[in-house]
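# Architecture and fold: a report
One-letter residues, chain by chain:
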Amino acid sequence: MILCAGEALIDMLPRKTEEGESAFAPYPGGAVFNTAVALARLKTPVAFFSGLSDDLFGERLSRVLAVNGVDHALAARSSRPTTLAFVTLHDGHASYTFYDENTAGRMLGEADLPALPETCTAGFFGGISLAVEPCAEAYAALAGRVADAGLPVMLDPNIRPGFIADEARYRARMDRLLAIADIVKVSDEDLEWLMGGADIDANAAALQEKGPALLLVTRGADGVSAYGPGGTLHHPAPKAKVVDTVGAGDTFNAGLLAGLHEGGALTKQALRAGLSEDALRAALDLGVRAAAVTVSRAGANPPTRDELA
């Protein structure tokens, strides 16, 4: 079972009323929430941990998790409000404005962390939940517990620079997480922000020195580059008609994890030794194909396994 730990929120997506007026419609989302749902739709055992509100939005998030078969019994419940993310689209690419003060997800602390389930085989962390306190420190502590148990950790920072209030603290936390992560996925923009400069290969090499065995750099329509112990491998992305990019990276993460899980390669030992080209390419292919479906429809709506058959 893959434990996904991080934010669950409501994406307020731009829409038009019947009268043609601009409006926002609420959709369940959040980077880690999306990855958990996508994993379940790909028929991969998954559990989700977050701070969930008992308000109407929190109940909606819980229903989506339940309908999709995501075990969320570990969630920390509270009466604080649910985080809202207002989304604006520019040529299909999403930017976000967050309303996160004193929310159920934001105020999560280490005292709220669950015991690591015996069925856990890997941990996935990332998103805005690693940028704000106190929840960021709680998730970092949980990631440490997964690593200490000898289980692989995957990290996707999914960086939103405008959401980071204390860059120095954030970078220090990222360095701690990079040191224990076995898999790190970043977009080319994330990589440039983290490492500086525009040379992707040089930045990738510098980031690998911080700890991860497998580094994945997504390049939108240009596919994904994988940097591992065996060298560099590039995998193209299938062509897709882009409606919007909401949830695309999250779906890729799920496809990659699902592919590694199915291939028996989602272990710390396998990742540190270096995956075979066939095993890595199969996981990358599932990730990019799943993400291509997500970008072809509005919002974070990842495909089921049957849709990818």
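Residues numbered from 1 in each chain as written. Predicted model: local features only at pLDDT ≥ 70, side-chain atom pairs only at ≥ 80, totals over all residues. Heavy atoms only, no water.

## Digging into the pairing of strand E4 (residues 46-49)
Where burial is concerned, the two faces of E4 agree: the one with Val46 and Phe48 and the one with Ala47 and Phe49 are both buried. One ladder, built from four bridges, connects strand E1 (residues 2-5) with E4; its direction is parallel. Within E4, the residue paired with Ile2 across the bridge is Val46. (Buried < 20%, exposed > 50% of the residue type's maximum accessible area, 1.4 Å probe, protein only. Helix = DSSP H or I, 4+ residues; strand = E, 2+ residues; numbered from the N terminus. Pairing = 2+ DSSP bridges.)

## Points about the environment of Val243
For Val243, the position within the fold is in the loop between strand E14 (231-235) and helix H7 (248-262). Along the primary structure Val243 and Leu89 are separated by 154 residues, whereas in three dimensions their C-alpha atoms are 9.9 Å apart.

## Thoughts on the sheet that holds strand E10 (residues 153-156)
What the eight strands build is an open sheet, ordered E4-E1-E9-E10-E11-E12-E13-E14; its pairing is mixed. In this open sheet, the two edge strands, each paired with only one partner strand, are E4 and E14. In this sheet, adjacent strand axes meet at a mean angle of 15° when their direction is disregarded. Judged from the four bridges that link them, E1 and strand E9 (residues 122-126) form a sheet pairing that is parallel. What sits directly across from Cys4, in E9, is Phe124. Against the sheet, H7 makes contact with E1, E9, E10, strand E11 (183-187), strand E12 (214-218) and strand E13 (224-228), and its axis sits at roughly 155° relative to E11, the strand it touches most. The sheet strands contacting helix H9 (residues 277-295) are E12, E13 and E14, and the helix crosses E14 at an angle near 35°. (Axes fitted to C-alpha atoms, helices over the stretch in contact; angles between N-to-C directions. Contact = heavy atoms within 4.5 Å.)

## Overview of the packing of aromatic side chains
The way to describe two aromatic rings as a pair is by their centre distance and the angle between their planes. On inspection of all chains with the given rule, the structure shows seven aromatic pairs. Both rings, one in Phe86 and one in Tyr99, keep their centres 5.5 Å apart while their planes meet at 75°; by these two values the pair is edge-to-face. With Phe86 in strand E7 (residues 84-90) and Tyr99 in strand E8 (residues 93-99), this pair connects stretches of sequence that are 13 residues apart. Owing to a relative accessible area of 25%, Phe86 belongs among the partly exposed residues under this scheme. (Phe/Tyr/Trp six-rings, centres within 6.5 Å; stacked < 30°, edge-to-face > 60°.)

## Things to note about the pairing of E14
Where E13 meets E14, five bridges bridge the pair, whose relative direction is antiparallel. For Tyr227, the partnering residue across the bridge sits in E14 and is Thr232. Joining the antiparallel neighbours E13 and E14 is a turn of two residues.

## Description of the nonpolar core
Residues Cys4, Phe48, Ile183, Leu216 and Leu284 are the most contacted members of the largest nonpolar core, which totals 48 residues. At eight residues, the largest contribution of residues to this core is made by H9. With sequence-adjacent residues up to four places away left out, Leu284 is seen in contact with Leu216, Val224, Ala226, Leu233, His235, Phe252 and Leu256. Residues Ala47, Leu130, Ala140 and Leu215 belong to the second largest nonpolar core, which totals 45 residues. (Core = buried A, V, L, I, M, F, W, Y, C linked by side-chain atoms within 4.5 Å.)

## A short note on the side chain of Ser53
Looking at where Ser53 falls in the secondary structure, it is placed in strand E5 (residues 51-53). Using a relative accessible area of 1% as the deciding quantity, one classes Ser53 as buried. A polar side-chain atom of Ser53 sits 2.9 Å from the main-chain amide nitrogen of Asp55. Polar side-chain contacts of Ser53 include one of 2.5 Å to the backbone oxygen of Arg80. (Polar contact = N/O pair within 3.5 Å; in protein donor to acceptor, adjacent residues only side chain to side chain.)

## Regarding the sheet that holds E8
Ordered in space as E3-E2-E7-E8, the four strands form an open sheet in which the pairing is mixed. The outermost strands of the open sheet, each flanked by one partner alone, are strand E3 (22-29) and E8. With strand direction ignored, the average angle separating the axes of adjacent strands in the sheet is 30°. The strands touched by helix H2 (residues 56-68) within the sheet are strand E2 (9-16), E3 and E7, with E3 carrying the most contacts at an inclination of about 50°.

## Structural notes on the packing of H7 against H9
Running from amino to carboxyl end, H7 crosses H9 at an angle of 150°, the nearest separation of the two axes being 7 Å. Between H7 and H9, the interaxial angle falls into the category roughly antiparallel. Once H7 is placed against H9, the crossing between them reads as right-handed. Residues Ala248, Thr251, Phe252, Gly255, Leu256, Ala258, Gly259 and Leu260 of H7 lie in contact with H9, whose contacting residues are Ala283, Leu284, Leu286, Gly287, Val288, Ala290, Ala291, Thr294 and Val295. The class makeup of the residues in the contact of H7 with H9 is twelve nonpolar, five polar and no charged. (Parallel < 35°, antiparallel > 145°, perpendicular 65-115°, else oblique. Left-handed = near helix turned anticlockwise from the far one by under 90°. Nonpolar A, V, L, I, M, F, W, Y, C, P; charged D, E, K, R; others polar.)

## Observations concerning the state of the cysteines
This model, assessed by the stated rule, comprises zero disulfides. The thiol of Cys4 is not disulfide-bonded; the next cysteine sulfur, from Cys120, is found 9.6 Å away. Judged by relative accessible area, Cys4 falls into the buried class, the value being 0%. (Disulfide = S-S within 2.5 Å.)

## Quick word on the environment of Pro161
In this structure, Pro161 sits in the loop between E10 and helix H4 (167-180). Given the relative accessible area of 46%, Pro161 is considered partly exposed. When the C-alpha positions of Pro161 and Gly51 are compared, they lie 23 Å apart, and in sequence the two are 110 residues distant.

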